[in-house]
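A look at the structure
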Amino acid sequence: MPTKCLFPAAGYGTRFLPATKAMPKEVLPVVDKPLIQYGVEEALDAGMRHISIITGRGKRAIEDHFDTSYELEDQIEGTSKEDRLADIRRLIDECTFSYTRQVTMGGLGHAILTGEILVGHEPFGVILADDLCIGETDSVMQQLIAVYRKYRCSVVAVEAVDPDQVHKYGVIDGRQLDANIFTIDSMVEKPPADEAPSNLAIIGRYILTPDIFDILRRTPPGKNGELQITDALQIQAREGMVLACQFKGRRFDCGSVDGFVEATNHFYNLRREKQ
Ligand code: G1P
């Protein structure tokens, strides 16, 4: 089963300016936990303890977050505040973290190809931290793993969205294979509403087989002149098999201010209920 998970995190986060002028969007807190930490917890809970992060200029805070801060640890040792570090300490203890930089911005496909050096020749997960997901019982990545375990091919998570939203996503054309699983016939990156093959939108969770790297190398630039993972997956689907899993759970689009605020309210209310 995949033990590595790739986190593309080189984007500029322009939708959150000025907050992201000097701070990576991945460390913006949803309540009191950086966005990317939710994703890393999801990866670890799905058995992926090798965390590979694609970073870029101005992203060092991500590396510092997943590292020990001796001064801070020393200051709060033995105080009630120690509890507040329990979750991040667990990640630091149980995961390995490796980083590589994406020096030019060339799209999600390009970011994933940049991660080849970290991932090697194994199936791997991809989490886009912007999509903060909560599973109904199992997390979304655990649901994808269950599909991968059975079919051993690339799997993407999909969600039914309003037709007027499809232009923001990769959209699939699929045939139902099982209760919530589709065989993908084709997929298109950010189509206009009237050209979308369905309203099943890809959200930021993938399991990819390693042949995707060779496919990415021969995938021509797509939408916005960028190398799109959707186009590479379309080739993989045509030449072999790619499945979509309509996950059970809820996603917050934390790449937008509205989604970020919704996620914040959700996690804040959860915490209030527990108190
Ligand atoms: C990327 C992918 C797109 C996918 C989306 C999910 O787009 O290219 O296919 O639907 O993530 O969040 P982005 O949001 O990075 O523009």
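Our structure's up above, just so we're on the same page.
Residues numbered from 1 in each chain as written. Predicted model: local features only at pLDDT ≥ 70, side-chain atom pairs only at ≥ 80, totals over all residues. Heavy atoms only, no water.

In this section: the packing of helix H1 (residues 35-45) against helix H4 (residues 86-94). For any two helices packed against each other, the geometry comes down to the angle between their axes and how far apart the axes lie. Direction vectors running N to C along H1 and H4 enclose 50 degrees, while the axes themselves pass 11 Å from each other. Here H4 runs oblique to H1, going by the angle between their axes. Considering how the two elements wind past one another, H1 and H4 form a crossing that is left-handed. Touching Gln-37, Val-40, Glu-41, Leu-44 and Asp-45 of H1 are Asp-87, Ile-88, Arg-90, Leu-91 and Glu-94, all from H4. (Axes fitted to C-alpha atoms, helices over the stretch in contact; angles between N-to-C directions. Helix = DSSP H or I, 4+ residues; strand = E, 2+ residues; numbered from the N terminus. Parallel < 35°, antiparallel > 145°, perpendicular 65-115°, else oblique. Left-handed = near helix turned anticlockwise from the far one by under 90°. Contact = heavy atoms within 4.5 Å.)

This brings us to the site of the ligand. The environment of the ligand is made up of 13 residues, and the closest members are Asp-131, Gly-170, Glu-189, Lys-190 and Ile-202. Residue Asp-131 places a side-chain N or O atom 2.8 Å away from an oxygen atom belonging to the ligand. One of the backbone nitrogen or oxygen atoms of Gly-170 is found 2.9 Å away from an oxygen atom of the ligand. Considering the ligand on its own, with 380 Å² of exposed area, one finds that the protein chains cover 75% of that surface. With four residues, strand E11 (residues 200-208) is the single largest residue contributor to the shell around the ligand. (Near = heavy atom within 4 Å. Polar contact = N/O pair within 3.5 Å; in protein donor to acceptor, adjacent residues only side chain to side chain. Areas by Shrake-Rupley, 256 points an atom, 1.4 Å probe, with all protein chains shown as cover.)

This part takes up the environment of Gly-170. Secondary-structure assignment places Gly-170 in strand E9 (residues 170-178). Classification of Gly-170 as buried rests on a relative accessible area of 6%. In this structure, the C-alpha to C-alpha distance between Gly-170 and Glu-73, residues 97 residues apart in sequence, is 43 Å. Ignoring anything within four residues of it in the chain, the contact list for Gly-170 reads Val-188, Glu-189, Lys-190, Leu-200, Ala-201, Ile-202 and Thr-230. (Buried < 20%, exposed > 50% of the residue type's maximum accessible area, 1.4 Å probe, protein only.)

With burial as the criterion, each face of strand E6 (residues 124-127) is covered, one bearing Phe-124 and Val-126 and the other bearing Gly-125 and Ile-127. Both strand E1 (residues 4-8) and E6 contribute to a ladder of two bridges, which runs parallel. Residue pairing in the sheet places Cys-5 in a bridge with Gly-125 of E6. For E6 and E11, the ladder comprises four bridges, and the chain directions are antiparallel. The residue bridging Phe-124 from the neighbouring strand is Leu-208, located in E11. (Pairing = 2+ DSSP bridges.)

The amide bond that connects Leu-17 to the next residue, Pro-18, takes the cis arrangement and shows omega of 5 degrees. In this structure, Pro-18 sits in the loop between E1 and strand E2 (29-30). Even without a glycine there, the phi angle at Val-31 is positive, about 60 degrees. Tracing the sequence through the fold places Val-31 in the loop between E2 and strand E3 (33-34). The partly exposed category is assigned to Val-31, whose relative accessible area is 27%. At Asn-224, a residue that is not glycine, the phi angle is positive and equals roughly 60 degrees. Summarising the element assignment, Asn-224 is placed in the loop between helix H8 (212-217) and helix H9 (229-239). Note on Asn-224: relative accessible area 65%, which makes it exposed.

Among the nonpolar cores identified, the biggest contains 38 residues, and Phe-7, Val-40, Ile-51, Ile-53 and Phe-66 are the most heavily contacted of them. Per-element accounting of this core gives the leading share, six residues, to helix H7 (residues 140-151). With residues near it in sequence (within four places) discarded, Ile-53 still touches Phe-7, Ala-9, Ile-36, Ile-62, Phe-66, Phe-97, Ser-98, Tyr-99, Thr-100 and Leu-118. Of all hydrophobic cores here, the second largest spans 31 residues; its members include Leu-6, Val-119, Val-126 and Ala-237. (Core = buried A, V, L, I, M, F, W, Y, C linked by side-chain atoms within 4.5 Å.)

Enumeration according to the criterion identifies five aromatic pairs in this entry. Centre to centre, the rings of Phe-66 and Phe-97 are 4.6 Å apart; their planes meet at 15 degrees, and the pair counts as stacked. Remark: Phe-97 occurs in strand E5 (residues 96-101) and Phe-66 occurs in the loop between helix H2 (60-65) and helix H3 (70-76); sequence separation between them is 31 residues. Considered together, Phe-66 and Phe-97 belong to a single accessibility category, that of buried residues. Seen in terms of ring centroids, Phe-124 and Phe-213 are 5.2 Å apart; in terms of plane orientation they differ by 0 degrees. Their pairing is stacked. Note that Phe-124 is positioned in strand E6 and Phe-213 in helix H8, a separation of 89 residues in sequence. (Phe/Tyr/Trp six-rings, centres within 6.5 Å; stacked < 30°, edge-to-face > 60°.)

A few words now on helix H10 (residues 257-274). Over its 18 residues, H10 extends 26 Å from the first C-alpha to the last, a length consistent with the 26 Å expected when each residue adds 1.5 Å. All of the buried residues in H10 are Gly-259, Phe-260, Ala-263 and Phe-267. Within H10, the buried residues cover an arc of 100 degrees as seen down the axis, which keeps them to one side. In this structure, H10 carries Asp-258 and Glu-273 as exposed residues pointing more than 90 degrees from its buried face. If you follow the buried residues of H10, they end up packed against E2, H1, strand E7 (131-135) and strand E13 (249-253). (Expected span 1.5 Å × (residues − 1). Arc of directions from axis to C-beta.)

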